[in-house]
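The residues making up each chain are set out below.
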Protein chains: 2
Amino acid sequence: MATGRTHRPATRSRGIPEATVARLPLYLRALTALSERSVPTVSSEELATAAGVNSAKLRKDFSYLGSYGTRGVGYDVEYLVYQISRELGLTQDWPVVIVGIGNLGAALANYGGFASRGFRVAALIDADPAMAGKPVAGIPVQHTDELEKIITDNGVSIGVIATPAGAAQQVCDRLVAAGITSILNFAPTVLSVPDGVDVRKVDLSIELQILAFHEQRKAGEEVGAPEEVAGAVPPPPVAPHRAPSGAPGADSGRQGPDGDVPAVMPA
Amino acid sequence: MATGRTHRPATRSRGIPEATVARLPLYLRALTALSERSVPTVSSEELATAAGVNSAKLRKDFSYLGSYGTRGVGYDVEYLVYQISRELGLTQDWPVVIVGIGNLGAALANYGGFASRGFRVAALIDADPAMAGKPVAGIPVQHTDELEKIITDNGVSIGVIATPAGAAQQVCDRLVAAGITSILNFAPTVLSVPDGVDVRKVDLSIELQILAFHEQRKAGEEVGAPEEVAGAVPPPPVAPHRAPSGAPGADSGRQGPDGDVPAVMPA
DNA sequence: CACTGTGAACGTTTTCACAGCA
DNA sequence: TGCTGTGAAAACGTTCACAGTG
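Residues numbered from 1 in each chain as written. Chains lettered and ligands numbered in written order. Predicted model: local features only at pLDDT ≥ 70, side-chain atom pairs only at ≥ 80, totals over all residues. Heavy atoms only, no water.

Tallied over the entire structure, the rule returns 16 salt bridges over all chains. We note a salt bridge from B:Arg174 to B:Glu148, for which the minimum N-O separation is 2.9 Å. Of this pair, B:Arg174 sits in helix 8 (residues 165-177) while B:Glu148 sits in helix 7 (residues 147-154), placing them 26 residues apart in sequence. Note on B:Arg174: relative accessible area 27%, which makes it partly exposed. One network of salt bridges, with partners in common, ties together A:Asp198, B:Glu215 and B:Lys218. (Salt bridge = Lys/Arg side-chain N within 4 Å of Asp/Glu carboxyl O. Helix = DSSP H or I, 4+ residues; strand = E, 2+ residues; numbered from the N terminus. Buried < 20%, exposed > 50% of the residue type's maximum accessible area, 1.4 Å probe, protein only.)

Have a look at this one:
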C-alpha cells in the first residue's frame with residue numbers, strides 16, 4: 001500500500017470512507033476506458049471486473065456517492081465518469097510542482113497519466129544550479145531558491161517530493177510554509193507535517209519487500225511443512241540483550257553508506 | 001495505497017496480518033537508520049515515532065513476530081533489524097527483472113533503495129530493438145525475446161512491469177508463464193494472474209487523485225458550509241438515463257488519445 | 001426479470017488499558 | 001519503576017443476501 005495520511009480522526013459530514021476514496025480512481029480509469037470505446041452502460045459486475053474488485057464492494061462504494069445507477073440496467077458510463085470526477089475534484093485542474101529532478105523526478109515530469117487527469121505540472125524544481133534552465137519534459141527546471149515564489153505565483157497546493165531522503169523533510173517544510181497542503185512523497189522518509197496537510201507516500205522498495213515476504217512464504221510451503229525454513233538461523237533463545245552482536249547474517253549485505261538515502265540521484 | 005493482492009482468503013498457519021506485513025518495511029527502515037547511528041536500543045514509543053505510527057500498533061505488530069523486546073528497556077536495534085529482515089525474507093537476495101525501460105524503468109534501474117535491501121536487478125528488458133545492448137544503470141538492456149531465458153537462467157521470481165498499459169498484460173502473461181510468481185506493476189492497468197501469483201501495483205496518478213479529493217474537501221470547508229460547492233453543476237435529478245449527454249464539464253479536459261495508456265514512454 | 005442499493009453478518013485492524021516482567 | 005506484551009473493546013472494511021425497482 002503506500003499510504004501515509006494525516007487526518008482528523010473522524011471525518012465529519014457526509015464522509016466517504018477512505019477505502020472507498022482510494023478505489024474511486026480505479027473505477028474512473030475503468031470507466032474512462034469504456035467511455036473511449038463508446039460503451040453506454042455497465043453493470044456493477046462488469047465494471048467491478050474491469051476495475052479488479054468484486055461487485056458488492058463496488059456497489060457499496062457507489063452507494064456512498066448517491067444512487068447513480070438504474071435497477072435492472074446498470075450505470076450510465078458518461079454520467080458516472082462525471083460524478084466520480086467531480087467527487088474526486090478532477091473537474092478543476094490542479095497545478096502541481098515536482099521537487100527533485102533526478103531520474104525519478106524526470107520520469108514523473110514525463111508521465112502522461114498526470115495530464116490526462118486534472119493535473120498540470122506547473123514547475124520543476126531542483127537544488128542543483130547546473131540543472132537550472134534545462135528543460136525536462138518541455139518544462140525548464142528552476143532552482144530551489146524560487147520555490148516559494150513559484151508556489152505562490154501559481155497557486156499550487158499539491159507538491160511532489162522526489163528528492164533524496166536527506167533533503168525531503170527540509171523541502172517539505174518549505175513547501176508547507178509556502179502554502180502547499182497536499183504532498184506526494186517518493187523519498188524514503190517519514191515526513192512530519194502540521195495538521196491539515198495531507199501526505200501520501202510511495203516507496204518503491206517497500207512494495208518489493210512485501211512481495212518478498214509472500215515469495216518467501218511460497219518457497220517455504222513448496223517444501224511441505226509451513227515450518228521455519230530448515231537450517232535457517234539460531235535465534236537467540238530468551239534474553240536478547242547481547243544477542244545481536246553475533247546474530248549470523250544480521251549484517252550480511254547491509255553496506256553502510258547508501259543505507260536509506262538515495263531517492264534515485266542527488267537532485 | 002497502491003495495493004493489489006491475489007491471495008488465498010484466509011492465510012493458514014502462524015499468519016501475520018497483511019496490515020502488519022505492510023508496516024514491517026517501515027520499521028526496518030527506521031531501525032536501519034538507528035543502527036547506522038549506533039543506537040543500541042529503542043522503546044516502542046521512539047521507534048513508532050520514527051516509523052510514523054503509534055506505539056500500540058507497533059507493539060501489536062511485533063507481538064505477531066514473537067517477544068523480541070525487553071520489558072522496562074525496549075528493543076535491541078540490531079536484533080530487531082535481523083528478525084524483521086528474516087521475516088521479510090531479506091536475508092537472502094532476490095534477483096529482479098525490470099520490463100519496460102522508459103523513463104520510469106530507467107529510474108527504477110537506478111534506484112539505490114533496491115540494492116540496499118536484498119534486491120538485485122538481474123536484467124533489464126525492453127521491446128525496442130534499438131535499446132538492446134544499451135547500458136542503463138550499468139546493466140545492458142536485453143530484448144523481450146530473451147525474457148523467458150533470462151528468467152529461467154537467473155532463477156528470477158520477482159518481476160517489475162514498467163511498460164505502457166497496453167503492453168502490461170501481455171508482458172505479465174509471459175512473466176508468469178516463465179515462472180515469475182510476484183509482480184510489481186507500474187502500468188495503469190488491472191493485471192489478471194492465476195492463483196498463487198502476487199501482484200502489487202503502484203499507480204502514480206491514483207495517488208494524486210486521492211490527494212485532490214482531500215484538497216477539494218479542504219477548499220470546500222474554508223468557505224464555511226460542508227455543503228456542495230455552490231454554483232457547481234446541475235446533477236440530473238432522478239432518472240439518469242439520458243442525462244450524461246449534456247452533463248456540463250463532463251468531457252471538459254478529457255482528451256481522447258492519451259487517455260489511460262502512457263506508462264511513461266513506449267518501451 | 002435483471003439489476004441496484006443496503007441492512008445485517010462477518011472479518012480485519014486499530015485502539016485501549018492494564019497485567020506482568022526485567 | 002518503566003517498559004513490553006496482550007486480552008478485550010471499538011472502529012473500520014468487506015461480504016452476504018435480499019428487498020426494492022425500473
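Back to the write-up after that little detour.
What follows concerns the pairing of strand 7 (residues 139-143) of chain B. Residue and element names in this part refer to chain B. Sheet topology note: the strand 5 (residues 119-126)/strand 7 ladder contains three bridges and is parallel. Opposite Ile 125, over in strand 7, you have Gln 142 as the bridge partner. Bridge analysis of strand 6 (residues 135-136) against strand 7 gives two bridges, and the strand direction is antiparallel. If you follow Pro 135 over to strand 7, its bridge partner there is Pro 140. In textbook terms, the turn of a hairpin is the stretch between consecutive antiparallel strands, and for strand 6 and strand 7 this stretch comprises two residues, one of which, Ala 137, has a positive phi near 55°. (Pairing = 2+ DSSP bridges.)

A few words on the protein's contact with DNA strand C. Neighbouring DNA strand C are 25 residues; A:Ser44, A:Arg59, A:Tyr75, B:Arg23 and B:Asn54 lie closest to it. For DNA strand C, the fraction of protein-proximal atoms (within 4 Å) that sit in sugar or phosphate groups is 65%. At 3.3 Å from a phosphate oxygen of DNA strand C is found a main-chain nitrogen or oxygen belonging to A:Tyr68. Contributions of two or more residues to the surface near DNA strand C are made by helix 3 (55-65), strand 2 (69-70) and strand 3 (74-76) of chain A together with helix 1 (18-36) and helix 3 (55-65) of chain B. Looking at the surface near DNA strand C residue by residue, the class counts come to five nonpolar, eleven polar and nine charged. (Near = heavy atom within 4 Å. Polar contact = N/O pair within 3.5 Å; in protein donor to acceptor, adjacent residues only side chain to side chain. Nonpolar A, V, L, I, M, F, W, Y, C, P; charged D, E, K, R; others polar.)

Residues and elements named next belong to chain A. Under the present numbering, the feature "binding site: NAD(+)" (unreviewed entry) in UniProt falls on Gly 100, Ile 101, Gly 102, Asn 103, Leu 104 and Gly 105. Its location among the elements puts Asn 103 in helix 5 (residues 103-110). Among the residues examined, Asn 103 registers a relative accessible area of 24% and is labelled partly exposed. Taking the relative accessible area as the measure of exposure, Leu 104 reaches 4% and is therefore buried. (UniProt positions renumbered as here; feature names shortened; annotations may be inferred.)

Taken together, 24 residues form the shell around DNA strand D, and within it A:Arg23, A:Asn54, B:Ser44, B:Gly69 and B:Tyr75 come nearest. For DNA strand D, the backbone makes up 60% of the atoms found within 4 Å of the protein, where backbone means sugar plus phosphate. A:Arg59 is positioned such that a nitrogen or oxygen atom in its side chain is 3.4 Å from a base nitrogen of DNA strand D. B:Arg71 has a polar side-chain atom sitting 3.1 Å from a sugar or linking oxygen of DNA strand D. Looking at the surface near DNA strand D, the elements with two or more residues in it are helix 1 (18-36) and helix 3 of chain A together with helix 3, strand 2 (69-70) and strand 3 (74-76) of chain B. Grouping the amino acids of the surface near DNA strand D by side-chain chemistry returns five nonpolar, eleven polar and eight charged.

For the rest of this paragraph, the subject is helix 7 of chain B. Residues and elements named next belong to chain B. Considered for burial, the residues of helix 7 that qualify are Leu 147, Ile 150 and Ile 151. Seen from one end, helix 7 has its buried residues packed into an arc of 95°, which puts them on one side. Among the exposed residues of helix 7, those oriented more than 90 degrees off its buried face are Lys 149, Thr 152 and Asp 153. The inward-facing, buried residues of helix 7 abut strand 4 (94-99), strand 5, strand 7 and helix 8. (Arc of directions from axis to C-beta. Contact = heavy atoms within 4.5 Å.)

Moving on to helix 8 (residues 165-178) of chain A. All names here are of chain A. Between its first and last C-alpha, helix 8 extends 20 Å over 14 residues, near the 20 Å set by a 1.5 Å rise per residue. Inspection of helix 8 places Ala 165, Ala 168, Val 171, Cys 172, Leu 175, Val 176 and Ala 178 among the buried residues, and these make up the whole buried set. Tucked inside the fold, the buried residues of helix 8 contact strand 4 (94-99), helix 7 (147-154), strand 8 (158-161) and strand 9 (182-185). Note on helix 8: the residue one or two positions beyond its end, Gly 179, has a positive phi of about 115°. (Expected span 1.5 Å × (residues − 1).)

All names here are of chain A. Across the eight residues of strand 5 (residues 119-126), seven count as buried, placing the element largely inside the fold. As judged from the six bridges shared by strand 4 and strand 5, these two strands associate in the parallel manner. Following the sheet pairing, Val 96 is matched in strand 5 by Val 121.

So, about the packing of aromatic side chains. The description of an aromatic ring pair uses the distance of the two centres, along with the angle that the planes make with each other. Residues and elements named next belong to chain A. Under the counting rule described, the total for this entry stands at eight aromatic pairs over all chains. Here the aromatic rings of Tyr 68 and Tyr 79 are separated by 5.6 Å at their centres, their planes lie at 80°, and the arrangement is edge-to-face. Of this pair, Tyr 68 sits in the loop between helix 3 and strand 2 while Tyr 79 sits in helix 4 (residues 77-88), and the two are eleven residues apart along the sequence. Tyr 79 matches Tyr 68 in its accessibility class, with the two residues each being buried. The structure contains a cluster of three or more aromatic residues connected by ring pairs, namely Tyr 27, Phe 62 and Tyr 75. (Phe/Tyr/Trp six-rings, centres within 6.5 Å; stacked < 30°, edge-to-face > 60°.)

Residue and element names in this part refer to chain B. The strand order 1-3-2 describes an open sheet built from three strands, whose pairing is antiparallel. Edge positions in the sheet fall to strand 1 (41-42) and strand 2, since each of these pairs with one other strand and no more. Examined bridge by bridge, strand 2 and strand 3 share two bridges and lie antiparallel to one another. The residue of strand 3 that forms the bridge with Thr 70 is Gly 74. In the packing of helix 4 (residues 77-88) onto the sheet, contacts are made with strand 1 and strand 3, and the angle to strand 3 comes to roughly 70°. (Axes fitted to C-alpha atoms, helices over the stretch in contact; angles between N-to-C directions.)

Residues and elements named next belong to chain A. Ordered in space as 6-7-5-4-8-9-10, the seven strands form an open sheet in which the pairing is mixed. Edge positions in the sheet fall to strand 6 (135-136) and strand 10 (198-201), since each of these pairs with one other strand and no more. Here strand 9 runs beside strand 10; their pairing, made up of four bridges, is parallel. Its bridge partner lying in strand 10, Asn 185 is registered against Lys 201.

With that settled, the discussion passes to the environment of A:Tyr68. Here A:Tyr68 falls in the buried class, since its relative accessible area comes to 14%. Of the polar contacts made by the side chain of A:Tyr68, one reaches the backbone oxygen of A:Leu65; its length is 3.3 Å.

Quick look at unusual backbone geometry now. Here the phi dihedral of A:Ser38 falls at roughly 60°; this positive angle occurs in a residue that is not glycine. Within the element layout of this structure, A:Ser38 appears in the loop between helix 1 and strand 1 (41-42).

Okay, the nonpolar core next. Of all hydrophobic cores here, the largest spans 117 residues; its most connected members are A:Ile84 and B:Ile84. Not counting residues within four places of it along the chain, the set of residues in contact with A:Ile84 comprises A:Leu24, A:Tyr27, A:Leu28, A:Leu31, A:Phe62 and A:Leu65. Core analysis: the next-biggest nonpolar cluster, separate from the first, contains 23 residues, A:Val97, A:Ile150, A:Val156 and A:Cys172 among them. (Core = buried A, V, L, I, M, F, W, Y, C linked by side-chain atoms within 4.5 Å.)

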